[in-house]
Every structure is written in structure tokens, then in C-alpha cells.
Amino acid sequence: MSAPGPTILHADLDAFYASVEQLLDPALRGRPIAVGGGPRGGVVLAASYEAKGSGVQGGMPGWRAARLCPDLLFVRGHFGEYQRLGDAVMGVLADVTPVVERISIDEAFLDVSGATHLFGPPAAIGARIRERVRDEVGLPISVGAARTKHLAKIASQVAKPDGLVVVEPGAERTFLDPLPVSLIWGVGPVNEQRLADLGIRTIGELARTPSSAVEHILGQAVGHKLSAMAHDEDPRRVVTSRRARSVGAQSALSRRKPQPDDVRAVLAHLSDRVSRRLRAKGRAGRTVTVAVRFAGMTRATRSLTLPVPMSATLTLTEVAVRLAWSAIDDAAPCEITLLGVSVSNIADQSAVQMELDLDPPDPWRPGSAPGVARGAVDESMDAIRTRFGGDAVGYLPVVLRRGGAVPDEFRELAEHDL
């Protein structure tokens, strides 16, 4: 039997947020722009390719971006338009095949094995997608096609900007070997440098390195995964629908010594975002996990599993604060650079079972008297936010943290649906 063809596609909109701004305002087309931030501060959320040519990148301080690119134009984000246009692109993909796995607002995997008899080979399907997205939505999109999800994603990155790359069966090694390891899904700057310290800079060099050596440097799980990816070993299939097993949020911080009020304010803000997402889908979770990253890139996590699922903002905040200080105290003295909160062991929660009023009442139990009161407050605030907007009301620590470097609307666009 012949090997299956490159029927997995990865479609990725180019510089999505910046491209949307250039679409909305024709005067910005062909010019270097940054979404978010400003020449005196803030954080660049995204940059156009014209700005990237000068070294401007998302996550960069606005003042640094302005120095790198003196002609840089800073624009405000249109978050509602990002969602609308991203959904429109997904509609185009769904017209090609029903097997679409959306992994973010601006990218998705497609399995076109059942569509080739209608639209031709994967190269023709990729070209069709790019043409329709350009004509009907007005945005550039890059497409990669291969036999595995991992390779299709790399191909789409090589195709950028606004291109199409198809990796035919038998040509995988020729395509992969000269590419930098940074193109492998999950290789960030830290692991890239660790691999470079071993003399590994390309995917081919990684593939020729014994897995045991990579695992020794990066850890068993990460090292094994990256070695498999370098050999294009990726059995994952395109999955059209699945419910998230966890929901979380995190916030990168400037290097700082942990202070009680500051830590609580950050965790309250993250807990509010996580719990609102749970309640919006009628869900709750039992296991709370907090991640703390320290200066020097070391990381610690702490988890607690509650007797019953919960989705109350105050409860999640209190659990998160307790877990965070457990990690911080064990590392003291220390400086922190990131805090994260996640909830797993998720279940549907269409109603809360009331409990007998026995002493002592536990506010962490949703059915206790204080737990019910917390739920009622959250329900009222959710209703106000739905009607008047997310900033209409909030818990005090959350309100005080508003106006931060990255708007919550931008973060929420990247969050997976429950």
C-alpha cells in the first residue's frame, strides 16, 4: 500500500491582529504598526510584518519597539472585530471539510482526506483556502500540508507570510533537517538555548542526537517529546470537538519580591477570569493548581483537590493565595516573575445542592450558607457584566488591577472554549 498523502493542513492567519487593523484602516496598509502599547510604555500585543522587519515583536515593551522602529504606528485593538473575522475564516475552513480543529482564534488544523475527491489534492485545497480567505474576509493566511499535525504546523510557519508549503511523503527529512529547532512546537527561548549549548541548532541535528542526551538536558518528558517531533513521530489526529479538561490563566510580572497585597491582587484577578469562564458554561472544578515562576526561570506548582466542585471567585482566590504562599515560602527568599491559576477535575454544575446549616459553616463548600451567598454575589455580578460590560462591576482587587499592560479582552481571545 502507498503511504497516505499530506492530508493534514494547518491554516494560520498572518500577523492576525495587525492584519485586521490594516484591513479596517486602509491608511495603515504597508506601514509598520503595533497593536497595543505606546512609545512611552505598555506592551506590544502584536506587530505587522513591516514592523517585524525592524525587530518589533509581540510582548515587547512599547518604548523598545519605538526605538527599534522610529516610524512605528501604535494602534488600539478592535477585539470584537478579531473575534468576528476569526470566526468568518473558520467558516471558510468548514466549507472545505467538517474535520476542523480550531486551536486558537486565528489557526486551525484540517483533515482533508475526505475532501480530495471534491476539491483535488491538498495543494489545490490549500490554494483554495487562501484564495477564499483573501477574497471573502480580506486577510492573508498561510497553509502547510503534511502527513502529521506537527509537520503541517512547521510547514505553515515556513510558508509565512501569505504562502503555501506542502511536504510530500518521503520528503520529510529533506524539508526538516535544515530548519531551526525553534520551529518545533514547544521549543521556547530557554530550551532553544539549552539545545544550542549542546551544539544542536537545527532539527536535523536534534534528530541525530540520542534521545537520552536530550532528556538529560531538558528532562525526560520534554526531551522525549522533542526527539519524537524531530523524527516527525506524531500520532495525533485532527479532533473536531472536545471539552477542556482544565481552565486557567496566568500573568507575567516584572521581577519583584512577593508582597501579600500584591500576590493576592494578581491571584484575585486571575481567579476572577477563570471562575467567570467556568460559570458561563455551567461548570465547576475540584482541583486548583497554582504555578509560581521565580527569577532564574525555576518554577513551582501546588495543587489542592476540594471535596466538591466549585466556581466561586472568592473561593478560588482564597485557595490560590494559600497555595501560592506555600510555594513562595518554600523558596524564600525569592523574587517572582509569574503567577498562574488553573482549575481541573471539571464537571457540569447546573444546580448546587443545599447543605444542612451545621457548624462550622465552610465557605469553600458551595452548598453551605456562606458558599450559597458567594454564589449569589457571583450570579448577580455575572448578570450585570453581561448587560453592561465586563468592567461594569468587580471585586476590589480585580478592579484595582485593571488597566494593566495586556487587556483582558486580548487574553480571552486566546483562551480555549469549555
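Notes on the structure in this doc start here.

**Some details on the environment of arginine 273**
Alright, step 1. As for its position among the elements, arginine 273 is in helix H13 (residues 260-280).
Alright, step 2. Residue classification places arginine 273 among the buried residues on the basis of a relative accessible area of 6%.
Alright, step 3. Separated by 116 residues in sequence, arginine 273 and glutamine 157 place their C-alpha atoms 31 Å apart.

**Thoughts on the sheet that holds strand S5 (residues 100-104)**
Alright, step 1. Pairing in this open sheet of five strands is mixed, and the strands run S5-S6-S1-S7-S8 from one edge to the other. Whereas interior strands pair on both sides, the edge strands pair on one side only; in this sheet they are S5 and strand S8 (164-166). With strand direction ignored, the average angle separating the axes of adjacent strands in the sheet is 15°.
Alright, step 2. Where S5 and strand S6 (residues 107-111) come together, four bridges link them in antiparallel fashion. The residue bridging serine 104 from the neighbouring strand is glutamate 107, located in S6.
Alright, step 3. The sheet contacts of helix H4 (residues 79-96) involve strand S1 (8-13), S5, S6 and strand S7 (141-146), and relative to S5 the element is tilted by about 155°.
Alright, step 4. Sitting on the sheet, helix H7 (residues 149-159) is in contact with S1, S5, S6, S7 and S8, with an inclination near 140° to S7.

**Some points on the packing of aromatic side chains**
Alright, step 1. Scanning all chains against the criterion turns up five aromatic pairs.
Alright, step 2. Ring centres of phenylalanine 16 and tyrosine 17 lie 5.3 Å apart, and the angle between their planes is 55°; this geometry places the pair in the tilted category.
Alright, step 3. The class of phenylalanine 16 is buried, set by a relative accessible area of 2%.
Alright, step 4. For tyrosine 17, a relative accessible area of 12% puts it in the buried group.

**Observations concerning unusual backbone geometry**
A negative phi angle characterises most non-glycine residues, just as the trans form characterises most peptide bonds.
Alright, step 1. Of note, the amide linkage connecting lysine 160 to proline 161 takes the cis form, showing an omega dihedral of -5°.
Alright, step 2. Secondary-structure assignment places proline 161 in the loop between H7 and S8.
Alright, step 3. Here the residue pair alanine 332 and proline 333 is connected by a cis peptide bond, since its omega of -10° sits within 30 degrees of zero.
Alright, step 4. For proline 333, the location among the structural elements is in the loop between helix H14 (313-331) and strand S12 (336-348).
Alright, step 5. Despite not being glycine, alanine 15 shows a phi value in the positive range, around 40°.

What counts as what
- Residues numbered from 1 in each chain as written.
- Predicted model: local features only at pLDDT ≥ 70, side-chain atom pairs only at ≥ 80, totals over all residues.
- Heavy atoms only, no water.
- Helix = DSSP H or I, 4+ residues; strand = E, 2+ residues; numbered from the N terminus.
- Buried < 20%, exposed > 50% of the residue type's maximum accessible area, 1.4 Å probe, protein only.
- Pairing = 2+ DSSP bridges.
- Axes fitted to C-alpha atoms, helices over the stretch in contact; angles between N-to-C directions.
- Contact = heavy atoms within 4.5 Å.
- Phe/Tyr/Trp six-rings, centres within 6.5 Å; stacked < 30°, edge-to-face > 60°.

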